[in-house]
Every structure is written in structure tokens, then in C-alpha cells.
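Okay, here's what each chain looks like letter by letter:
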Amino acid sequence: MHMTRASLLPMSLRGYQRSWLSGDIVAGATLAAVAIPETMGYTSIAQTPIVTGLYTVIFPTMLFVLLGSSRLLVVGADSATAALLAAGLGAAAITGVTPGSQEWLAYCSVIALMCGFLLILARVLRLGFLGDFLSASVLVGFLTGVGVQVFSGQIPDMLGVPKGSGSWLQQQWTMITSIPSLSWPTFAFALGTLAIILGFKRFLPKVPGAIVAVVLSIIVSAAIDAQADGVAIVGAVQGGFPPIGLPAGITLDDVSSNMATLVAIAFSCFVLIIAQSAATSRSFAMKHGQPVDVNRDIVGLSGANFAAGLSGTFVVNGSPTKTQILDEQHGRTQLANLTMSLIVLLVVLFFTGLLADMPKAVLGAIVFLIGVDLVDIKGLRIIGRARRGEFVIAILTAIVVCAVGVEQGIILAIVVSILNIIRRQYSPKDFVVGVSASGEPTYTAAAPGLESAPGLIIFRYDAELFYANANRFVDEVEKLIDTAPTPVEWLVLDAGSLDDVDYSAGKALDGLLDYLEARHITPALARADTSLIVTLKSYGVDTRIAPEHMFGNLTDALSAFQNRTPTASKPQK
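Residues numbered from 1 in each chain as written. Predicted model: local features only at pLDDT ≥ 70, side-chain atom pairs only at ≥ 80, totals over all residues. Heavy atoms only, no water.

Visitor: Describe the pairing of strand E6 (residues 490-494), and please don't skip the residues or the numbers.
Guide: Among the five residues that make up E6, five are buried, leaving the element largely enclosed by the rest of the structure. Bridge count for strand E5 (residues 456-461) against E6 is five bridges, and the pairing is parallel. Residue pairing for E6: Arg460 is matched across the bridge by Asp494. Handedness of the crossover joining E5 and E6 through helix H20 (residues 470-483) is recorded here as right-handed. Relative to strand E7 (residues 522-526), E6 runs parallel, the two sharing five bridges. Looking at E7, one finds that Val492 is bridged to Ala524. (Buried < 20%, exposed > 50% of the residue type's maximum accessible area, 1.4 Å probe, protein only. Helix = DSSP H or I, 4+ residues; strand = E, 2+ residues; numbered from the N terminus. Pairing = 2+ DSSP bridges. Right-handed = clockwise from strand over helix to strand, strands pointing away.)

Visitor: Give me the lowdown on the pattern of salt bridges, citing residues and values where you can.
Guide: Enumeration over the complete set of coordinates arrives at 13 salt bridges. Across the pair Glu390 and Arg387 runs a salt bridge whose closest N-O atoms are separated by 3.2 Å. (Salt bridge = Lys/Arg side-chain N within 4 Å of Asp/Glu carboxyl O.)

Visitor: Quick rundown of helix H22 (residues 530-538)? Include the residues and the values.
Guide: Of the positions making up H22, those classed as buried are Leu532, Thr535 and Leu536. Taken end-on, H22 shows its buried residues confined to a sector of 100 degrees, consistent with a single buried face. The exposed residues of H22 that point more than 90 degrees off its buried face are Thr530, Val534, Lys537 and Ser538. Buried residues in H22 make contact with helix H21 (503-518) and E7. (Arc of directions from axis to C-beta. Contact = heavy atoms within 4.5 Å.)

Visitor: Account for a nonpolar patch on the surface, naming residues and giving values.
Guide: A cluster of nonpolar side chains, Phe241, Ile244, Leu346, Leu349, Phe350, Phe351 and Leu354, forms an exposed patch at the surface whose accessible area comes to about 730 Å². Its relative accessible area of 59% is what places Phe350 among the exposed residues. (Patch = residues over 30% accessible without salt bridge, like charges linked within 9 Å, V, L, I, M, F, W, Y side chains within 5 Å. Areas by Shrake-Rupley, 256 points an atom, 1.4 Å probe, with all protein chains shown as cover.)

Visitor: Let's hear about the packing of aromatic side chains: which residues, and what values?
Guide: For any pair of aromatic rings, the description rests on two quantities: the centre-to-centre distance and the angle between the ring planes. Considering all chains together, one arrives at 13 aromatic pairs under this definition. Relative to Phe551, the ring of Trp490 lies with its centre 6.5 Å away and its plane at 25 degrees, an arrangement referred to as stacked. You can see Trp490 sitting in strand E6 and its partner Phe551 sitting in strand E8 (residues 550-551), a full 61 residues away along the chain. The class of Trp490 is buried, set by a relative accessible area of 7%. A centroid spacing of 5.8 Å and a plane angle of 65 degrees characterise the contact between Trp490 and Phe561, whose relative ring orientation is edge-to-face. Remark: Phe561 occurs in helix H23 (residues 554-562) and Trp490 occurs in strand E6; sequence separation between them is 71 residues. For the residue pair Trp490 and Phe561, the accessibility class agrees, reading buried in each case. Taken together, the ring pairs connect Phe459, Tyr461 and Phe473 into an aromatic cluster. (Phe/Tyr/Trp six-rings, centres within 6.5 Å; stacked < 30°, edge-to-face > 60°.)

Visitor: Lay out the environment of Leu301 with the relevant residues and their values.
Guide: Residue placement: Leu301 occurs in helix H13 (residues 294-309). Take Leu301: its relative accessible area is 3%, and that puts it in the buried class. For the pair formed by Leu301 and Leu84, sequence separation is 217 residues and the distance between their alpha carbons is 17 Å.

Visitor: Describe the sheet that holds strand E4 (residues 441-445), listing the residues and the values that go with them.
Guide: Sheet strands pair by backbone hydrogen bonding; their relative direction is either parallel or antiparallel. Taking strand neighbours across the sheet as the criterion, the six strands line up as E4-E3-E5-E6-E7-E8 in an open arrangement whose pairing is mixed. Pairing within the sheet leaves two strands with one partner each, and these edge strands are E4 and E8. Each of strand E3 (430-435), E4, E5, E6, E7 and E8 is contacted by H23, which is oriented at about 175 degrees to E6, the strand it contacts most. (Axes fitted to C-alpha atoms, helices over the stretch in contact; angles between N-to-C directions.)

Functional significance is not addressed by these values, which are geometric in nature.
Printed below as a string of C-alpha cells:
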């Protein structure tokens, strides 16, 4: 096979233009200024050492650049997957494993490797559709709940009070009752951080306020010796090249004895990664008129998580917020993300010593704002106005995430989304079809007493026919026939939205034809596609509907009914 220079380039960099270079480098540097404080903050959610947050945007990001297809998707630490990790491992209560320990980090890395395996398995077995089982409304509710968990979890660090233990409600009560003993110097650093970030966002939006807050807080903390006034600081941060190799601190026996728990956490992260990353990649590609290859991005995300697990850090995901920042900075390709990774690598190699005096309240304030941004009030309002039922589901998901847990929330989100699909298929919209004076079809929600014309019912059922809804379909048709204002002579099934009939539904349809025959009603079929006709033939249904009663459109069906030869009909009961 002939290999060209272009074919050797990563997909995300093919067609690169030299004029994009300066813009990508500037965008990458800006992105690094945002990612450094954010990813350090995410470690307070995942409860891992601060430097591991920086590791998430080095080799994982580089692997996605090499293997993925999206030109803009930024891959790194993410608040939702970090929350899933911490909640899952915390609930597992593995003996001897405490948040922040080497063993805790090792299990986080193992889960990242499992996510990498699940993602590549999803690509090979074409299981990427699993991410589609998280509907947009459920995802809004889930991320809103995560946002509440995230920002409320940072308040104790911002106030300098104990976090407490137990359920989310118990932790909030501990925090509230501890307010009288808050540390004013700690609170001042948090308040100053919030003011700087929000001020820059309002007046100088192109300047990343978070990195400004980090730099200023380190300078002030070192100058006044804030630790002496009771301000908790980050302390020594491990520097040097990220550790390469299998997770250290646990054995294969440790992993195998907790396999079920680890796989459950990894699967929850896997579903969220596919749903969130695919949606982000697709939305930005469509915005710029670029092709979308979600399957190739799944390969890139798999490589990124393998890189995370083998370089001492935790699960990574496509980040909607950082991708949005990259787009706003006019980054054109993954070269911007590669620039970010190289800058972060330099920080890890040479500048981690400068982070020692940073107050934890500063990181808490940064993550607090990230959590607030996850609470999608606008999205909930839109859902509430458009789809009341989906709004209730979104709110319920958010409540479960907060009151019960993040891991239980993602399980509920998946289950509710699947049940919603079943509900829609079981009880779809159905219509009695008429024809206007101009010859156009009219659709009226099916209800007793309706007919398309005297003696005619054209029925449309907006779902596939399968074992769960077939009997309901038959019942709806029989009810319309029994309550029709004039005796029904023809029943036309509008199959325009019907593309499949399973075996159970085929048997039910055969029974309906028996019912029509007993009532001396002529059955007809309109707008059936070729594949549906082949399926009906396999059940023998085609032999019970005359060929001249199979129509390509509704107009022909109506004309045939109007030109029918009158026959004596048996009175309907």
C-alpha cells in the first residue's frame, strides 16, 4: 500500500495550514493557563495528589492528539468523572485505602485502564451507541446534581472548617454548624479568588482569571506566611517526569479481589465519557462544518485513558468547558492541545516547587465556580417549558446524585433513559389520517369516534411494532372501528413510520386481520417500504392483503376507496 506523508499525520492534523500555527500556539498557551489551576482543582474532587491533575493533560492529551479525529476536543481531567471515581471508591470502603493515599491513586489508575479497555471494546463491538442511552435531559439533570455536589464540597475548604462525613446532607449539616468557627484568613483567600476570576470574566474575558488568582495567592501567601495564621496550604508538590508504568502500591490480588466494584465504577465512567465526549465533539465539529468520526474519537479516548492509567493519574474525559475555551481563542486543531501539554509538562518538570505556598482555599474557590457552571439552570428551564415529563426526570436525577450519590445517579440516569425509550415505543403517538380539500394529509390524534371518511379509517402508528406494543396497537385499531360513527368498510394502515415488525407483532397483526375479516372490513397498506414488505411476506401477512390494496401513497389509497365497488357489509357490533 502506498503511504503518503499526509496519511502518516494524525487525523486531527491532516490538511493543516501554516497560517494556523501562531493562532494554535497562542490558543494552547491560553488553554494551559486555564487547565493548570482547573486540573489541580479536580484532584480535590478525585482526592488524589495535586500533581496528578496536571498529569491528566500531558500524555493522555497527547495520545488523543495522535489517535482521535476531533480537531478541537480537549481531553483531560473532568469534574463529573472525578466525582464518580471518588464516590465509587469511597462507597467501596476497601480495607486500608484512604483518600489521598498511594493505594487510592493506584485504584484510580486501574479504573482508568479499565475505561481504556471498555472504550476500545466499544469500538471493536460497535457499542458506541451506549452513550446515546443518556438522553440530553437526563444528562443535564445528572451534571446539575454533580455540580451541586462539587461546589458544596468545596465550601469547607473555602471557609477553613471540617468537611464532615456521611451522606451529602450530613456533610452540609456539619459545614453549617461549623460556620461560627470559620478561618477568616482562609475565607479571605477564597473570596479574593472568586472576585478575581469573576472580575476577569466580566471585564477581561480573554485573560484566564484562575491563573492570575493562583499566581497572586501564592505571592501573598508566601509574603505574609499565611500558614502561620491557620491557612491550609498545598505544601510540597511532587515534581519531575510523570511516573511511567503500571499503578504502584497495590497488587494483582488486590485488584482481582475488588474486581466487581472497580468494573462497576469504570463502566459508569465509560458511559459518561462516551455520552459527554461524543456530544462535545459532534457539536463543535458541526459548528465549523467539519466531519464527525465518533468511533475514531472513541479510539482516541481509549488511548488517553490507557495513558492516564500508565502515567500515574486518573480517568480522563472530553471537556466541554475547555473545548469551548479553545474555540473562543480561535484554536484550529489539536496542535493547540499539544502546545498545552508541553507547557504543562514544563511546569511539572521545573516549577512545581512554586506551588507549595498556594492556599487550598484558592483551589476550592476555583472548583466551586466549576461546580456552579455545571448547574444548568438555563437548560432546566428550557426542558421545563418544552417537556414537563423530562424536566421531572432531570430534577429527580439531580436529587438522587446529591442525596444518594454520584454513582447511583449515573445508574438511575441510564435506567430512566432506557425506560423512557420503552415508554415511547410502548405508547407512541397514533393518528387517524384524513385528507384536506387541497389533497394534503391531515393528522388527528386517535380517539374514539374519529374516522378518515365515512366508512374509512386510515391509521398511523408512530413506532416500530414489537412484542411490547403489538397488543396495544391492535386494541387501538379495534376501539376506533367499534366507535366509528359509520360502519367501517376499509382500514388502511399508514406504514410511513413503520419500518419493522417482530415475530410477536406479526402474530398480533395476523390476529387483527382475522378480526377485520370477521367484520367484513377490507385491509389495506400504504407507504410501506421494501424491507417492511419483505418482513410481512415472511410472516405470510402479504397473502391476506390483496396486491391492489397496497399503495405507495395515501392519495392513491383514498382514491381506491372512493372508487371501490360497493359491497354489502355485515352490521358491526
